[in-house]
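What follows is the residue order along each chain.
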Amino acid sequence: MDDLFAHKGTPRWTQTLAPGAVVLRGFAAESAPALMQMIDQLTRVAPFRQMTTPGGFVMSAAMSNCGSLGWVTDVQGYRYARHDPLTGLPWPAMPLLFAQLAQQAAYEAGFPDFVADACLMNRYAVGSRMSLHQDKNERDFSQPIVSVSLGLPAIFQFGGMQRSDAVQRIPLTQGDVLVWGGPSRLRFHGVQAIKAGTEDYRFNLTFRKAG
DNA sequence: TAGTAGCT
DNA sequence: CAGC
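Residues numbered from 1 in each chain as written. Chains lettered and ligands numbered in written order. Predicted model: local features only at pLDDT ≥ 70, side-chain atom pairs only at ≥ 80, totals over all residues. Heavy atoms only, no water.

## Some words on helix α2 (residues 96-108)
Consideration 1: Counted at 1.5 Å a residue, the expected span for α2 with its 13 residues is 18 Å, and the 18 Å between its end C-alpha atoms agrees.
Consideration 2: A positive backbone phi angle near 100° is found at Gly 110, which sits one or two residues after α2. (Helix = DSSP H or I, 4+ residues; strand = E, 2+ residues; numbered from the N terminus. Expected span 1.5 Å × (residues − 1).)

This is how it looks when you write it as C-alpha cells:
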C-alpha cells in the first residue's frame, strides 16, 4: 500500500477556494522536472495537436492524453475515446508517477478514493487560453478533478455553477495542484491568456475518472 | 459558448 | 480591462 503513495510531494500551504476546492501550493514542485520529461516522452507517441470544438473553432491550447481514456473534441462533439484519433493507437499508458501524484493530491484535498483513468495534457503557448467551461463528459461526478500546473504561470478562473457567476482569479505557478470536487465539481473554470515569461509554454495535467 | 469580436 |  505504501507504494501507492510513493510520491513525496508535500504542499507548502493550501488555499481553499470553495467547499471541495483547494489549491495545494507547490505540491508537485519537486517532481516537476520528471513530469515535464514524461510529457515529452508521451507526446512523442501521442503528439500535441490543436483540436476543434463542435462549433468548428480551433482551440488555442494544444492537447494530448495518456491513460485508458482520452478527452477529445471535434465537430462531432466532446467525448472520451480509447484511441488517439490522430494515430489510431491507444493512448499511452499513464505513468506511475502521474497516477501516484494525482491520487495523493486528491487524498490531501479530501477525496481518498480517487483513481484517475484519464490524463489530459495541455500545452499553452504565449497567448493561449481556455474559456470558461464545465467538465461534464465524465460518468461519475462524485470523483474530483486534479489539475497540475507546470512551466509558465497562469491566471486560473474559478467560477460558479452558472457561466454568469463571478469568477475568482487564481495565480498558478509550476508545481501548484488544484483539486475540485464534491459541491464544486461542476463549477465553471478557465485559463486566461498566458503571458510571456522565462519559458516557452505552460503545461497542465488534468486528471479525471472519466469512465 | 473547452471560440471570438466588439462595445461600454 | 472586466463584463457584457
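## Comments concerning the packing of aromatic side chains
Consideration 1: Evaluated as defined, the whole model comprises seven aromatic pairs.
Consideration 2: Arranged with centres 6.0 Å apart and planes meeting at 90°, the rings of Phe 98 and Phe 207 form a pair that is edge-to-face. Placement of the pair is Phe 98 in helix α2 and Phe 207 in strand β13 (residues 201-208), with a sequence separation of 109 residues.
Consideration 3: The exposure class of Phe 207 is buried, given its relative accessible area of 0%.
Consideration 4: Note on Tyr 201 and Phe 203: the rings are 5.8 Å apart at their centroids and 55° apart in plane angle, and the pair reads as tilted.
Consideration 5: Given the relative accessible area of 30%, Tyr 201 is considered partly exposed.
Consideration 6: Accessibility expressed as a relative area gives 14% for Phe 203, which makes it buried.
Consideration 7: Connected via pairs of aromatic rings, a cluster forms that spans Phe 48, Tyr 201 and Phe 203. (Phe/Tyr/Trp six-rings, centres within 6.5 Å; stacked < 30°, edge-to-face > 60°. Buried < 20%, exposed > 50% of the residue type's maximum accessible area, 1.4 Å probe, protein only.)

## A look at the protein's contact with DNA strand B
Consideration 1: Near DNA strand B there are 14 residues, and of these Phe 57, Tyr 78, Arg 129, Ser 131 and Arg 163 occur at the shortest range.
Consideration 2: When atoms of DNA strand B within 4 Å of the protein are sorted by moiety, sugar and phosphate together comprise 51%.
Consideration 3: Trp 71 has a polar side-chain atom sitting 2.9 Å from a base nitrogen of DNA strand B.
Consideration 4: Take Ser 131: an N or O atom from its side chain is 2.4 Å from a phosphate oxygen of DNA strand B.
Consideration 5: Residues that form the surface near DNA strand B fall into these classes: six nonpolar, four polar and four charged. (Near = heavy atom within 4 Å. Polar contact = N/O pair within 3.5 Å; in protein donor to acceptor, adjacent residues only side chain to side chain. Nonpolar A, V, L, I, M, F, W, Y, C, P; charged D, E, K, R; others polar.)

## So, the pattern of salt bridges
Consideration 1: Overall, the coordinates contain seven salt bridges when judged by the stated rule.
Consideration 2: For Arg 208, the salt bridge is made with Asp 135, and the minimal N-O distance between the two is 3.0 Å. Of this pair, Arg 208 sits in strand β13 while Asp 135 sits in the loop between β7 (130-133) and β8 (145-151); the two residues are 73 residues apart in sequence, bridging distant segments of the chain.
Consideration 3: The class for Arg 208 is buried, based on a relative accessible area of 6%.
Consideration 4: For Asp 135, a relative accessible area of 4% corresponds to the buried category.
Consideration 5: Note that Arg 185 and Glu 138 form a salt bridge whose closest N and O atoms lie 2.8 Å from each other. Here Arg 185 is found in the loop between β11 (177-180) and β12 (189-191), whereas its partner Glu 138 is found in the loop between β7 and β8, with 47 residues between them in sequence. (Salt bridge = Lys/Arg side-chain N within 4 Å of Asp/Glu carboxyl O.)

## Some words on the environment of Gln 134
Consideration 1: In this fold, Gln 134 is placed in the loop between β7 and β8.
Consideration 2: Between the C-alpha atoms of Gln 134 and Gly 211, which are 77 residues apart in sequence, the distance is 17 Å.
Consideration 3: Apart from residues no more than four positions distant in its own chain, Gln 134 is found in contact with Met 161, Leu 186, Arg 187, Phe 188 and His 189.
Consideration 4: Polar contacts involving the side chain of Gln 134 include one to the main-chain carbonyl oxygen of Leu 186, which spans 2.9 Å. (Contact = heavy atoms within 4.5 Å.)

## Concerning the packing of helix α1 (residues 32-45) against α2
Packed helix pairs are specified by the crossing angle of their axes together with the interaxial distance, meaning the distance between the axes.
Consideration 1: One can describe the packing of α1 onto α2 by two numbers: an axis separation of 10 Å at closest approach and a directional angle of 130°. In terms of axis orientation, α1 runs oblique to α2. The crossing of α1 and α2 is left-handed. Residues Ala 34, Leu 35, Met 38, Ile 39 and Leu 42 of α1 form the contact with α2, whose own contacting residues are Leu 97, Phe 98 and Leu 101.
Consideration 2: Among the residues making up the contact of α1 with α2, the classes are represented as eight nonpolar, no polar and no charged. (Axes fitted to C-alpha atoms, helices over the stretch in contact; angles between N-to-C directions. Parallel < 35°, antiparallel > 145°, perpendicular 65-115°, else oblique. Left-handed = near helix turned anticlockwise from the far one by under 90°.)

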